[in-house]
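Structure at a glance
So you can see what is in the structure, the chains are spelled out below.
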Amino acid sequence: MALAHVSLWAICVLRVALATIFFQEEFLDGERWRNRWVQSTNDSQFGQFRVSSGKFYGHKEKDKGLQTTQNSRFYAISARFKPFSNKGKSLVIQYTVKHEQKMDCGGGYIKVFPSDLDQKNMNGKSQYYIMFGPDICGFDVKKVHVILYFKNQYHANKKPIRCKVDGFTHLYTLILRPDLSYEVKVDGQSIESGSIEYDWNLTSLKNMEKTPSESRDWDQVEDSKAQDWEKHFLDAGSSKPSDWNSELDGDWLQKPPYEDGLKAEGIDRDVWLHQKMRPASYLTQYDLSEFENIGAIGLELWQVRSGTIFDNFLITDDEEYAEKFGKATWGETKGPEKEMDAIQAKEEVKKAREEDEELLIGKFHRHNHFSRFHRQGEL
């Protein structure tokens with residue numbers, strides 16, 4: 001039993017060791033963050049960042065992150081890393097954000113850029129691959145943005161995803177998988193998932209991008225197979241007819257036309273043909289979750305009231321590593337952060353009560369002084 005436990009642990013350690021970490025930032029080395037992050041000078045009115053753990057925190061050093069410092073400003077800052085492609089592998093984007101100022105209107109999202117981003121001139125028109133994270137404004141806008149760049153257009157997830165609106169630190173995770181599935185997590189819990197193709201309304205765009213030659217080849221394949229539809233789709237126990245000609249009729253399929261537990265009854269012929277007969281290059285050319293030249297991450301947003309803190313940035317190809325990193329950072333400090341906030345709240349209530357008592361005592365002394373003065377005047 002002990003040996004099995006050790007082996008399982010060794011497998012977990014090996015899996016984490018094999019994870020590729022494209023970018024990771026915790027702001028644990030003082031002011032050296034300024035060597036990695038570049039503030040845009042595109043607009044002289046852009047707000048400035050500082051590294052701070054805020055007014056309350058779980059750990060003074062671990063909770064330090066980029067904090068917005070000026071009200072009613074646009075912000076633009078970015079960090080570059082070695083360019084990579086996520087083709088054929090998962091892409092996990094994760095970070096923490098804390099609106100300790102109790103956000104009334106402003107962004108808390110991040111953007112992932114191609115490697116050719118001009119950091120010094122970064123602005124709202126800079127092309128990005130992915131925009132992800134919370135956006136709050138008034139009573140109507142309290143959502144998590146998930147916007148993807150595909151075929152020279154930006155596409156937003158059609159599902160409403162609600163963000164956290166309190167003043168505590170929260171962990172946001174986006175996972176894009178090579179099978180075109182995705183998942184959005186907040187504080188380690190899955191709050192939305194589904195198909196990239198359908199939840200971003202990209203089906204029509206995907207179909208339109210098929211080349212003319214592929215369309216002709218596909219139509220020829222579909223027409224020829226349609227003629228032999230009934231011959232191909234016989235019961236599993238049937239034998240090949242004596243007049244079957246493999247060159248004319250194609251390969252004999254003894255298995256029923258379904259896999260992975262799907263029943264043959266009512267199966268769409270076009271769906272089966274599409275899955276079995278399409279060119280091998282079809283899927284790889286239209287993979288909606290692939291970005292070829294990822295090379296920068298940044299904050300480009302507007303805030304009415306400043307004070308938001310961004311921390312624990314991570315871009316990796318391993319979901320398990322992201323989960324472990326989240327637990328080791330946000331997971332370790334979330335409890336103490338709330339405890340410190342509760343203590344400060346009690347101290348503020350106590351201080352307000354003492355100030356009220358001092359005010360009442362002052363009024364009482366002034367009243368007594370006036371009364372004594374008034375009586376002395378009557379004598």
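The structure reproduced in this document is the subject of the present report. This one's a predicted model, so the numbers in the text were calculated from it and none came from an experiment.

Along its length, the chain carries 10 helices and 16 strands. Burial statistics for the chain: of 379 residues in total, 43% are counted as buried. Taking the contacts inside the chain whose residues are at least 6 apart along the sequence as the reference set, 69% of them involve residues at least 24 apart. If you sum the accessible surface of the chain, you get close to 21,900 Å²; carbon and sulfur atoms cover 52% of it.

The next thing to look at is the nonpolar core. Residues Trp37, Ile130 and Phe313 are the most contacted members of the largest nonpolar core, which totals 60 residues. If sequence neighbours within four positions are ignored, Trp37 has contacts with Phe23, Glu25, Phe27, Leu66, Ile77, Ser78, Ala79, Ile297 and Phe313. Core analysis: the second largest hydrophobic core is formed by seven residues, Ala19, Val92, Ile175 and Leu314 among them.

For the coordinates displayed, the defined rule picks out 20 aromatic pairs. An angle of 5 degrees between the planes, with centres 3.6 Å apart, marks the rings of Phe22 and Phe84 as stacked. Pair noted here: Phe22 is in strand 1 (residues 21-25) and Phe84 is in strand 5 (residues 73-84), with a separation of 62 residues, a long-range link. Phe84 matches Phe22 in its accessibility class, with the two residues each being buried. Here the aromatic rings of Tyr95 and Phe313 are separated by 6.0 Å at their centres, their planes lie at 10 degrees, and the arrangement is stacked. Placement of Tyr95 in strand 6 (residues 91-98) and of Phe313 in strand 16 (residues 309-316) is noted, with a sequence separation of 218 residues between them.

Moving on to helix 9 (residues 319-328). Within helix 9, the full set of buried residues consists of Glu320, Tyr321, Ala322, Phe325 and Gly326. Between the side-chain oxygen at the start of helix 9 and the backbone nitrogen of Glu320 there is a gap of 3.0 Å, and the oxygen is on Asp318.

Let's shift gears to the state of the cysteines. Scanning all chains against the criterion turns up one disulfide. There is a disulfide in this structure between Cys105 and Cys137, and the S-S distance comes to 2.1 Å. Here Cys105 and Cys137 share a disulfide; its torsion about the S-S bond, -80 degrees, makes the bridge left-handed. You can see Cys105 sitting in strand 7 (residues 105-107) and its partner Cys137 sitting in strand 9 (residues 130-137), a full 32 residues away along the chain.

Below, the discussion takes up the pairing of strand 4 (residues 65-68). The sheet contact formed by strand 3 (residues 49-52) and strand 4 spans four bridges and is antiparallel. Bridged to Phe49 within strand 4 is Thr68. Sheet analysis places strand 4 next to strand 16, joined by two bridges and oriented antiparallel. In the sheet register, Leu66 faces strand 16, and the bridge partner there is Phe310.

What follows concerns the pattern of salt bridges. Under the defined criterion, the tally for this structure stands at 13 salt bridges. The salt bridge partner of Glu319 is Arg177, with a shortest N-O separation of 2.8 Å. Highlighted residues: Glu319 in helix 9 and Arg177 in the loop between strand 12 (169-176) and strand 13 (181-186), separated in sequence by 142 residues. Among the residues examined, Glu319 registers a relative accessible area of 25% and is labelled partly exposed. Of the residues examined, Arg177 reaches a relative accessible area of 18% and is grouped as buried. Sharing partners across several salt bridges, the network here consists of Glu25, Asp29 and Arg36.

Definitions and limits used
Each chain has its residues counted from 1, running along the sequence as written. Selection of residues for local features in this predicted model requires a pLDDT of at least 70, selection of side-chain atom pairs for listing and counting requires 80 or more, and totals for whole chains, interfaces and linings are taken over all residues. Just so you know, side-chain values use all the structure's heavy atoms and leave hydrogens and water out. Helix and strand definitions here come from DSSP, where helices need a minimum of 4 consecutive H or I residues and strands a minimum of 2 consecutive E residues; each element is numbered from the N-terminal end. Only protein chains enter the calculation, and the probe is 1.4 Å; a residue is then buried if its accessible area is under 20% of its type maximum, exposed if over 50%, and partly exposed in between. Here, two residues are considered to be in contact whenever any of their heavy atoms come within 4.5 Å of each other. Computed with the Shrake-Rupley method and a 1.4 Å probe, the accessible areas treat only the protein chains shown as cover for residues. For this analysis, a nonpolar core means a set of buried residues of the types Ala, Val, Leu, Ile, Met, Phe, Trp, Tyr and Cys, connected via side-chain atoms within 4.5 Å. Put simply, two rings from Phe, Tyr or Trp (the six-membered ring, in Trp's case) pair if the centres are within 6.5 Å, and we call them stacked under 30 degrees between planes, edge-to-face over 60, tilted for the rest. Polar contacts, as counted here, are pairs of nitrogen or oxygen atoms within 3.5 Å of one another; within protein the pair requires one atom able to donate a hydrogen and one able to accept it, and residues that are adjacent in sequence qualify only if both atoms are side-chain atoms. Disulfide: a pair of cysteine sulfur atoms within 2.5 Å of each other. When DSSP finds two or more bridges between two strands, those strands count as paired. Criterion for a salt bridge: a side-chain nitrogen of Lys or Arg within 4 Å of a carboxyl oxygen of Asp or Glu.

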